[in-house]
Amino acid sequence: MPVKIIKRSSKIHGHGVFATAPIKKGEEVVEYKGKLRTHAEVDEEYGGQDNGHTFLFILNDAYVVDANIKGNVARWINHGCTPNCQAFVIGDEGGDPRKDRVVIEALRSIAAGEELTYDYDIQVEGPITREERRLWACHCGAPNCTGTMLKAAKAKKQRRTPS
Ligand SMILES: C[S@@+](CC[C@H](N)C(=O)[O-])C[C@H]1O[C@@H](n2cnc3c(N)ncnc32)[C@H](O)[C@@H]1O
Ligand SMILES: [Zn+2]
């Protein structure tokens, strides 16, 4: 995978990731790396720390990628309501859940200088409270911005919030 991205300050939030060269639609941009941990481990370490910030990505029913530890540049990619990338899990061919991987791919062609975003798809069971909306406010700036990174739960969750 050629390196076409860089971490720098973002208008959306803190640091973000920007293209340093044109990226084609469908191109695999970067893998989301971090320490493989069980849900119980991350619950024990981060449970109760809901401050609207997370470097956790749900890999599958057994594991979470914890980018607080051994994370790479992908952990700085911000959420967008009209994202130019998507994150998805590639299942291990041998069915080993420890070997599943999270990959970020371009949803459209991206010009050099553009900030990369993907939909975090953070799903919340039950009604989203005012406090949750405040903690997880979205500043992506898209015309269709929902104002929050949270969504009402569907069948599958992608990213963990500390709980
Ligand atoms: C994986 S980190 C992304 C890097 C982050 N910008 C930073 O500097 O730490 C995810 C966190 O960044 C913030 N963030 C990401 N996208 C955002 C958005 N669209 N609006 C507001 N905050 C956002 C939230 O705190 C979120 O939990
Ligand atoms: Zn938004």
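Residues numbered from 1 in each chain as written. Chains lettered and ligands numbered in written order. Predicted model: local features only at pLDDT ≥ 70, side-chain atom pairs only at ≥ 80, totals over all residues. Heavy atoms only, no water.

1. Overview of the pattern of salt bridges
Where charged atoms of side chains with opposite charge meet at close range, the side chains can pair. Our working definition: What makes a salt bridge here is a side-chain nitrogen of Lys or Arg within 4 Å of a carboxyl oxygen of Asp or Glu, nothing more. Numbering of helices and strands runs from the N terminus; a helix is a DSSP stretch of H or I covering at least four residues, while a strand is a stretch of E covering at least two.
Summed over all chains, the structure comprises nine salt bridges. A salt bridge links Lys-151 to Asp-119; its shortest N-O distance comes to 2.6 Å. Within this pair, whereas Lys-151 is found in strand β12 (residues 150-152), its partner Asp-119 is found in the loop between β10 (117-118) and β11 (122-124), the two being separated by 32 residues in sequence. Put simply, Lys-151 and Asp-121 hold a salt bridge, and the shortest N to O gap is 3.2 Å. Linking Lys-151 in strand β12 with Asp-121 in the loop between β10 and β11, this pair joins segments that are 30 residues apart in sequence. Through salt bridges that share partners, Arg-37, Glu-41, Glu-45 and Asp-66 make up one connected network.

2. Observations concerning the side chain of Thr-148
To be explicit about the condition: Throughout this description, a polar contact denotes any pair of N or O atoms lying within 3.5 Å of each other; where both atoms belong to protein, one of them has to be capable of donating a hydrogen while the other can accept it, and for residues adjacent in sequence the pair is counted only when both atoms sit in side chains. Contact criterion: two residues are considered in contact whenever any of their non-hydrogen atoms come within 4.5 Å of each other.
Relative to the helices and strands, Thr-148 resides in the loop between α2 (130-135) and β12. Reaching out from Thr-148, the side chain makes a polar contact with the backbone nitrogen of Leu-150 at a distance of 3.0 Å. Those residues in contact with Thr-148, other than ones at most four positions away along the chain, are His-79, Arg-133, Trp-136, Ala-137 and Cys-138.

3. Here's the deal with the environment of Lys-151
To keep things clear, this is the line we draw: Using a 1.4 Å probe on the protein chains alone, a residue whose accessible area is under 20% of its type maximum counts as buried, one over 50% counts as exposed, and one in between counts as partly exposed.
According to the relative accessible area criterion, Lys-151 is partly exposed, its value standing at 27%. Taking the C-alpha atoms as reference points, Lys-151 and Ser-109, separated by 42 residues in sequence, lie 26 Å from one another.

4. A closer look at the sheet that holds strand β5 (residues 56-58)
Rule in force here: A pair of strands is labelled paired if DSSP reports no fewer than 2 bridges between them. A fitted line through C-alpha atoms serves as each axis, taken over the contacting stretch for helices, and the angle formed by two N-to-C directions is quoted from 0 to 180°.
Within the open sheet, the three strands sit side by side as β4-β6-β5. Their pairing is antiparallel. Pairing within the sheet leaves two strands with one partner each, and these edge strands are β4 (35-38) and β5. The sheet shows a mean angle of 35 degrees between the axes of neighbouring strands, direction not considered. For β5 and strand β6 (residues 63-66), the ladder comprises three bridges, and the chain directions are antiparallel. Looking at β6, one finds that Ile-58 is bridged to Val-64. Strands in contact with helix α1 (residues 39-46) are β4, β5 and β6; relative to β4, the strand with the most contacts, it is inclined by about 95 degrees.

5. Quick notes on the side chain of Glu-105
Formally: Neither His nor the chain ends contribute to the count of charged residues, in which Lys and Arg are positive and Asp and Glu negative.
Tracing the sequence through the fold places Glu-105 in strand β9 (residues 101-106). With no salt bridge to any partner, buried Glu-105 finds its closest opposite charge in Lys-25, at an N-O distance of 9.0 Å. Filtering out sequence-adjacent residues up to four positions away, Glu-105 remains in contact with Gly-26, Glu-27, Glu-28, Val-29, Asn-84, Cys-85, Gln-86 and Phe-88.

That is the geometry; function is a separate question.
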